[in-house]
Amino acid sequence: MKALVYEGPGRKTWTEVPDPVITDPQDVIIQVDTVTICGTDLHILGGDVPEVKPGRILGHEAVGTVTEAGGAVTELAVGDRVLASCISACGRCPYCRRGRYGQCLRGGGWILGHLVDGVQAQYARLPFADLSAYRLPREIGDEAAVMLADILPTSYEVGVLAGQVKPGDTVVIVGAGPIGLAAVLTARLYSPAHVVVIDPARARLHAAERFGADVTLTPGDDPLATVRSLTGGLGADVVIEAVGLPETFELCTTLVRPCGHVANVGVHGRPATLHLEELWIRDVTVTTGLVDTSSTPDLLAMLGRGQLDVAPLVTHRFALDDIEHAYEVFADPAHSGALKVVLSRT
């Protein structure tokens, strides 16, 4: 089969590799029907995730069809169309028993395209399949479903839920890429008073407005003055970092009010300064996190009922064989206008 193989920082190749095989009775093999590219994949290519070694097949977001199931798999069968979650869960370790699947101690967590081969390929092996893949109903299409492999649960759990967004809050989201836009969409579920989005790209700010942001700013628009004017001088109740740069994290800590919450979602490859000399007295909570995907069943139900509209996230479509070009488009949103690119089997 063919797959996208990481060859070291800045290098990747769509090339022939051996077909995946079942190595554990809890595995399934899927024919990959639809995949997408994540900002984390770009961080890997940028050298920000050194655990990913050359030779690894990239990708952790897919919809596919089960072609083979291990002997211990009971919830899935050959022919099932499934969502492959970005997180794998053993279901038995102390963290999995508390629903914290991202911290799985027995070979799960974020492993696809990271510690084991991923799903940007014609076929893929999914470990712990009963707990880590979701049979899809007919009414949910592949494009919509693949948005729930990572970005929707990540934004919802690590951003909105960890930030404790409440009705009437002022929520600031720094970064209007796919994660930031998914945070806009899921924050709106809690009826905040204001959703403010900050991003240097005007095209992405326009997208944020379509998703429900009522105030959009570039970093040069004096975000602190605007946020204070919206909140009677207090600052934001919740600030969600959705970029992963030192300067964006530090901006978040200037925008949050005393007793507020900074929820970091972005993947950081460089140190950021935590200004405790300013924050220690302000009762500010800072959270970090890896998604657990414990919210995926709820998000799938909301998607099926029409409560979430993820279609506008998809801006570009490619054949799976065009994945190298798709990466170029996704990595240059200022010129391409790309939000999420979707690749499908032809």
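Residues numbered from 1 in each chain as written. Predicted model: local features only at pLDDT ≥ 70, side-chain atom pairs only at ≥ 80, totals over all residues. Heavy atoms only, no water.

J.: For the sheet that holds strand S12 (residues 256-264), give the residues involved together with the corresponding values.
T.: With parallel pairing, 6 strands are arranged side by side in an open sheet as S10-S9-S8-S11-S12-S13. Of all the strands in the sheet, just strand S10 (215-217) and strand S13 (285-287) have a single pairing partner and so form its edges. Pairs of neighbouring strands in the sheet enclose a mean axial angle of 15 degrees, with direction left out of account. Along the sheet, helix H7 (residues 202-211) makes contact with strand S9 (194-198) and S10, crossing S10 at roughly 170 degrees. (Pairing = 2+ DSSP bridges. Helix = DSSP H or I, 4+ residues; strand = E, 2+ residues; numbered from the N terminus. Axes fitted to C-alpha atoms, helices over the stretch in contact; angles between N-to-C directions. Contact = heavy atoms within 4.5 Å.)

J.: Lay out the state of the cysteines with the relevant residues and their values.
T.: Counting across every chain of the model gives 0 disulfides. The closest cysteine sulfur to the non-disulfide-bonded Cys-252 is located on Cys-259, 18 Å from its own sulfur. (Disulfide = S-S within 2.5 Å.)

J.: Talk me through the packing of helix H5 (residues 151-161) against helix H6 (residues 178-187); I want residue IDs and the actual numbers.
T.: Between two packed helices, both the angle of their axes relative to each other and the distance between the axes serve to describe the pair. As a packed pair, H5 and H6 sit with axes 8 Å apart at the nearest point and diverge in direction by 65 degrees. In terms of orientation, H5 and H6 fall into the roughly perpendicular class. Note on packing geometry: the crossing formed by H5 with H6 is right-handed. Residue-level contacts link Ile-151, Leu-152, Thr-154, Ser-155, Tyr-156 and Val-160 of H5 to Pro-178, Ile-179, Ala-182, Ala-183, Leu-185, Thr-186 and Ala-187 of H6. Partitioning the contact of H5 with H6 into residue classes produces 10 nonpolar, 3 polar and no charged. (Parallel < 35°, antiparallel > 145°, perpendicular 65-115°, else oblique. Left-handed = near helix turned anticlockwise from the far one by under 90°. Nonpolar A, V, L, I, M, F, W, Y, C, P; charged D, E, K, R; others polar.)

J.: For the environment of Thr-65, give the residues involved together with the corresponding values.
T.: In this structure, Thr-65 sits in strand S4 (residues 62-69). By relative accessible area, Thr-65 is classed as partly exposed at 23%. It is 8.9 Å that separates the C-alpha atoms of Thr-65 and Leu-83, two residues lying 18 residues apart in sequence. Ignoring sequence-local partners within four residues, the contact set of Thr-65 consists of Ile-29, Ile-30, Gln-31, Asp-33, Gly-79, Asp-80 and Arg-81. (Buried < 20%, exposed > 50% of the residue type's maximum accessible area, 1.4 Å probe, protein only.)

J.: Explain the layout of surface pockets residue by residue, including any values.
T.: Looking at the largest pocket, its volume works out to about 1,100 Å³. What lines the largest pocket is a set of 46 residues, and nearest its centre among them are Gly-39, His-43, Ala-242, Val-243 and Gly-244. Among the secondary structure elements, those contributing two or more residues to the lining of the largest pocket are helix H1 (39-45), H5, H6, H7, helix H9 (246-255) and helix H13 (333-336). Take the lining of the largest pocket: its biggest share by element is 4 residues, from H1. Tallied by class, residues from the lining of the largest pocket come to 29 nonpolar, 12 polar and 5 charged. Of the voids in this model, the second largest pocket is the one considered here, and its volume is about 190 Å³. Every residue lining the second largest pocket is counted, 15 residues in all, and those nearest its centre are Met-1, Pro-18, Pro-20, Ile-57 and Asp-117. The element best represented in the lining of the second largest pocket is strand S6 (residues 123-126), accounting for 3 residues. (1 Å grid on protein atoms, 1.4 Å probe; cavity = no way out; pocket = protein on both sides within 12 Å on 5 of 7 lines; lining within 4 Å. Points joined across faces, edges and corners; volume = space filled by probe spheres on them.)

Without other data, these values stay purely geometric and don't point to any function.
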